[in-house]
Structure formats: C-alpha cells, structure tokens
Amino acid sequence: PITIGADHFGSSVNLSADGSTLVMAATQEDSSARGINGSQSDDSVNNSGAVYVFVRSDNQWALDAYIKASNTDQNDNFGSNIALSEDGNTFAVGVPVESSSAAGINGDQENNDAYQSGAVYVFSRSNGVWQQQSYIKASNAQSEDQFGYDLDISGDGNTIVVGARYEDGSGRSVNSEKDEDGYGNGAAYVFTRSGETWSEQAYLKPSNSDEYDNFGSAVRISGDGSTIAVVSKGEDSISTGINGDQFNDVRSIQSVGAVYVFVRNNDTWQQEAYVKGSAYRDGYDFGHNSIDLNGDGSTLAVGLWLDANMTAGLDSAQFSGRIGISGSVYIFTRNNSSWQQQAFLKASNAVYNGLFGSSVRLSSDGNTLAVASSGESGGSTGVNGDQYNKLGIYVGAVYTFERSGDAWLQQSYIKASNTDVFDGFGRSISLSADGNSLAVGASSERGGSTGINTGDQSDNSAPGSGAVYLY
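Predicted, not measured: the structure shown is a model, and the values here were computed from it. (Residues numbered from 1 in each chain as written. Predicted model: local features only at pLDDT ≥ 70, side-chain atom pairs only at ≥ 80, totals over all residues. Heavy atoms only, no water.)

Undergrad: Break down the overall build of the chain for me, citing the residues and quoting the values.
TA: The helix and strand tally for the chain stands at 0 helices and 29 strands. In terms of overall size, the chain behaves like a compact globule, its C-alpha atoms giving a radius of gyration of 21 Å where 471 residues would be expected to give roughly 23 Å. In terms of overall dimensions, the chain has a C-alpha envelope of 55 × 55 × 35 Å along the principal axes. A distance of 4 Å separates the average location of the 25 positive side-chain charges in the chain from that of its 56 negative side-chain charges. (Helix = DSSP H or I, 4+ residues; strand = E, 2+ residues; numbered from the N terminus. Rg over C-alpha atoms; globule rule 2.2 N^0.38 Å. Lys, Arg positive; Asp, Glu negative; His and termini not counted. Charge placed at Lys NZ, Arg CZ, Asp CG, Glu CD.)

Written out as structure tokens, the structure is:
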C-alpha cells in the first residue's frame, strides 16, 4: 500500500493503459501550495486537496509529482474526480465545488463569486515534466452547477467530457440553447484539444431533460473518443430496457435513473440510446456515479449500488426478496448501433449494505470487469479468501469478472492486505487497458505510515489517512 498524510488519500485513482503511471487524489489534503511540486508542509488551507503521480520502473514505484490547483482554496477538495489518458501524459481533475465566476477556458481564477460553479484542471507531461495546461469552466457557468462532478478523458487525451449535475438548462437536444429555465436538470460538456489549446465542442442534454434529473452525475467516454455515456440519476421514467417510453413517469416513483449514450460523427454528437435496467424501483438512481465504457464503446457497465435484490451470483432473478442496498451491475453491449442487456451481476456473497457496484471499471476490450463493493463486510485478506468471514461494516472488497462469448464468470474476490472495518476498500478503482493491473483506493484506511511498502499496516494511528493498493 501507498499512504500519505491523513487526508483521504485514494479517494480517486487512475492507471495508465500499461499500468506504469498511477494518479491518485487526497481530497482533504490541507496544504496551501499551488501548482507543481510545491511545499507540502504548510497545512493552513483545510481540505484544499491534492493529486499525486507515481511511476513504475523495473517494478519499483516512485513519486513523480505532487500537484495542486493553480488557485488552491479552502474546501475545494481538489481531486474529487480524476481522468488519465492511456499514455499517462495527460490528466484532468474535476473540482465541482470550486467557486470562481469565470466562464470558458483559462478565465480569471481568483474570485469566489460563483459558489460551487465547479472547474476542471488539465495537466500534461512532456519529457518527464508536468505543467498545468488549462483551467476549464462551463461556458454558461453558474453558482451551484457543480461542473466537474464527474469527468472522463479519451485514450489519446484530446477529448474530455464533464458532467454538471445541477446545471439548470431546460433544453432537450445536443447544443440546445443554454437557458436557465429548469432546475437541477443537469448537463454534460465536451471539450477537445488541438495542440495545447482546449475548446468546447458540444453541450449535451438528454431527450427528456427535466427538473431534478441531475443529468451528468456520472460520465464516461470510450477510449477511442467516439462514444459517451451520461447518467441521469434522478430521471423518473419507469420504462425498462433500451429506448423505452422516456415520459412514462409515475408521480409516486422518483429517481429511478437512466443512462444516455451519445456518439460522435466527425465533430457532431447525437443521442444514440436511452438505457434502463430490466427492473426498476423507486430511488434506484440507475448508474448514480458508477458507469464505464470499454475502448470502442461497445460494452457499457452500469453500477446500481442501491439495488436491494437479495440474490447472489450471475444473472440472478431480479425480484426474489430484498436485502438493503446489496447492489448489482448491469452489462449492455452494442452491435452496430443497437444496444441490448447482456448480463445482470451480483456479488457471490451479496450482503446487506454491501454497495456492490459502487464503482465499475472495464478493460479496453471489455472482457474484464472490476466491481467495487465498498460496504462489503468480509474479514479475509488478500485474494480469494473466505467470503463469508464477516468482520463488520464498510470493510470493502473488489470482485473481478471475465467474459467468454456472452457469458460472464466471477474470477476473483479481492481484499486489502490489512482488512479493517470502516476502511472503505474499493472507494475508487482503476484497471489497466489489458485488465492485468488493478489499483484500489481505501480512502478511510487508518494507517499511520507513509511512502511505498513501508511501515506497519496494522498501525491505525491516522484515521482517514487513506491508502492505495496495487494488484
């Protein structure tokens, strides 16, 4: 494990395609530093947040950079979301509670006149040297939009999609007028890079945008940059399956959730599919903040960690009793432009409050899936231990699945080497492109050691310090 400070280290993690660059956040880190490799010793700016870059050479990991915002501020939680390009040389950081009133690219960062409008910072590495490349705001930035609540980057690092879950535009089409006639409808923005210059390419809205839908609560872009999936966790339709009735709302049932798929043809984006699970319940928040796309966008994984189905295993019956927020994952596949549900996955030891599906990650070919269950209660350590050795709440586990043809099988059950209650192992996860390297964040881990593979892992003297584990 890698641990630094007492700052929820590991709250977000990302691996490069080859697994040799690892970027991770400590969202409650407190230093006042700005920019690259500043002083870490002045803890006068509470919860400003920081990002750490590590690189691997000859199987040895070393700290490559310590990165702060260019406008570090109290309670910004820099690093709330991170997205890393395949080559590890470009990454974007979402800061949804950043409060400057700037709009567009590289505006004035130095005021706090637009509370929680949100921002995205882009960093690039050239010849081993990191620098901030851009400071991105929504073109229609408004207070409380939370631009940057989630974000993702294409494999080549040239396209970024950013969710703003509380944006108020009422439009129902791509690049509709940016009004403020709704309330919490949500939006997603697409930005592209030419050389070192970023510009906004598209403003995405769903075809049934409505108030409180929170469209943009999770976003993913395929590695090739051609497909985007966006979650609208507050969407209320009770339809099921693909491209059902988007306006089939029942007043007593709310926040069922939906995922929208968009595709790009040259520089033009359009909605391709409206995706729902094969079952629904009030408050499901389908997708919530847990989706992923594979490299060519033909496989979509959707986590439903609020699912209360009590079954365990693969393709279980979806209405066989309830066990509170045990969680599940749906797999969808695309053939040409036609989507279908391929699988419904549960943990092999589904438990009350397991939160299975709290994070999902696919390999580039879509045949390996890692699923976090950050509330799982097992007390074993390492890989494939006893799944029924219950320790307590919010211990956490990660499950990996492999696809052969259309069939999915659970491959492994992964625990920390120092399993403990309330660690939240699986708070964040990342897979390398080939699916052979896995990073797991446990942002509530309490180890008091620092550095890489040093110190006593059983030392719980630093509550909430956090750790990251590599497999």
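Next comes the rest of the write-up.
Undergrad: Describe the packing of aromatic side chains, and please don't skip the residues or the numbers.
TA: The full count for this structure, using the stated rule, is 24 aromatic pairs. Judged by centre distance (5.4 Å) and plane angle (75°), the rings of F425 and Y469 are edge-to-face. Taken together, the residues span a long stretch of sequence, with F425 in the loop between β25 (407–414) and β26 (428–431) and Y469 in strand β29 (residues 467–470) at a distance of 44 residues. Note on F425: relative accessible area 1%, which makes it buried. When its relative accessible area of 3% is taken as the criterion, Y469 is described as buried. Pairwise contacts between aromatic rings join F78, F91, Y121, F123, W130 and Y135 into one cluster. The cationic tip of R165 hangs over the ring face of Y149; the distance from NZ or CZ to the ring centre is 3.8 Å. (Phe/Tyr/Trp six-rings, centres within 6.5 Å; stacked < 30°, edge-to-face > 60°. Buried < 20%, exposed > 50% of the residue type's maximum accessible area, 1.4 Å probe, protein only. Lys NZ or Arg CZ within 6 Å of the ring centre and 35° of its normal.)

Undergrad: Tell me what's going on with the sheet that holds β25, and back it up with residues and numbers.
TA: With antiparallel pairing, the 4 strands of this open sheet are ordered in space as β22-β23-β24-β25. The strands lining the two open edges of the sheet, one partner per strand, are β22 (356–362) and β25. Pairs of neighbouring strands in the sheet enclose a mean axial angle of 25°, with direction left out of account. Pairing between strand β24 (residues 397–404) and β25: 7 bridges, direction antiparallel. If you follow R403 over to β25, its bridge partner there is W408. (Pairing = 2+ DSSP bridges. Axes fitted to C-alpha atoms, helices over the stretch in contact; angles between N-to-C directions.)

Undergrad: Give me the lowdown on the confidence of the model for the chain, citing residues and values where you can.
TA: Predicted coordinates in regions of low pLDDT should not be interpreted in detail. Looking at the chain, pLDDT values average 92 and 94% of them are 70 or higher. Residue range residues 1–5 is modelled with pLDDT below 50. Its contacts to residues more than four positions away, or to other chains, number 31 contacts. (pLDDT = per-residue confidence, 0-100. Contact = heavy atoms within 4.5 Å.)

Undergrad: Break down a negative patch on the surface for me, citing the residues and quoting the values.
TA: On the surface, D18, E86, D87, D156, D365 and D434 cluster together to form a negatively charged patch. On the secondary structure map, D365 appears in the loop between β22 and β23 (368–373). (Patch = residues over 30% accessible without salt bridge, like charges linked within 9 Å, V, L, I, M, F, W, Y side chains within 5 Å. Areas by Shrake-Rupley, 256 points an atom, 1.4 Å probe, with all protein chains shown as cover. Salt bridge = Lys/Arg side-chain N within 4 Å of Asp/Glu carboxyl O.)

Undergrad: Help me get a handle on the environment of Y121, residues and values and all.
TA: Assignment of secondary structure puts Y121 in strand β8 (residues 119–126). Classification of Y121 as buried rests on a relative accessible area of 0%.

Undergrad: Which residues make up the environment of D386, and what values go with them?
TA: Mapped onto the elements, D386 comes out in the loop between β23 and β24. Note: C-alpha distance between D386 and Y413 (27 residues apart in sequence) is 9.1 Å. Of note is the side chain of D386, whose polar atom sits 2.9 Å from the backbone nitrogen of Y388. (Polar contact = N/O pair within 3.5 Å; in protein donor to acceptor, adjacent residues only side chain to side chain.)

Undergrad: Could you give an account of the pairing of strand β17 (residues 268–275), with specific residues and numbers?
TA: Judged from the 7 bridges that link them, strand β16 (residues 258–265) and β17 form a sheet pairing that is antiparallel. Paired with R264 across the strands is W269, a residue of β17. Connecting β16 to the next strand, β17, in antiparallel fashion are 2 residues, including N266 with a positive phi near 60°.

Undergrad: Can you break down the pattern of salt bridges residue by residue, with the values?
TA: Evaluated as defined, the whole model comprises 14 salt bridges. The partner of D150 in a salt bridge is R220, with the nearest N and O atoms 3.3 Å apart. Note that D150 is positioned in strand β10 (residues 147–153) and R220 in strand β14 (residues 215–221), a separation of 70 residues in sequence. Taken as a pair, D150 and R220 share a single burial class, namely buried. The partner of K276 in a salt bridge is E235, with the nearest N and O atoms 2.7 Å apart. Here E235 lies in the loop between β15 (227–232) and β16 and K276 lies in the loop between β17 and β18 (291–293), a separation of 41 residues in the sequence. Side by side, K276 and E235 carry an identical accessibility label, which is buried. Through salt bridges with shared partners, one network takes in D150, R220 and D292.

Undergrad: Account for the pairing of strand β9 (residues 129–136), with residues named and values stated.
TA: Relative to β9, β8 runs antiparallel, the two being bridged by 7 bridges. Of the residues in β9, the one forming a bridge with V122 is S134. Hairpin remark: β8 followed by β9, antiparallel, with 2 residues in the connecting loop; positive phi at N127, about 55°.

Undergrad: Which residues make up the sheet that holds strand β19 (residues 299–304), and what values do they have?
TA: Spatial strand order, β18-β19-β20-β21: 4 strands in an open sheet with antiparallel pairing. Looking along the sheet, the strands with just one partner apiece sit at the ends: β18 and β21 (338–345). Across the sheet, the mean angle from the axis of one strand to that of its neighbour is 20°, orientation sign disregarded. Here 3 bridges tie β18 to β19, and the two strands are oriented antiparallel to one another. In the sheet register, D292 faces β19, and the bridge partner there is A301.

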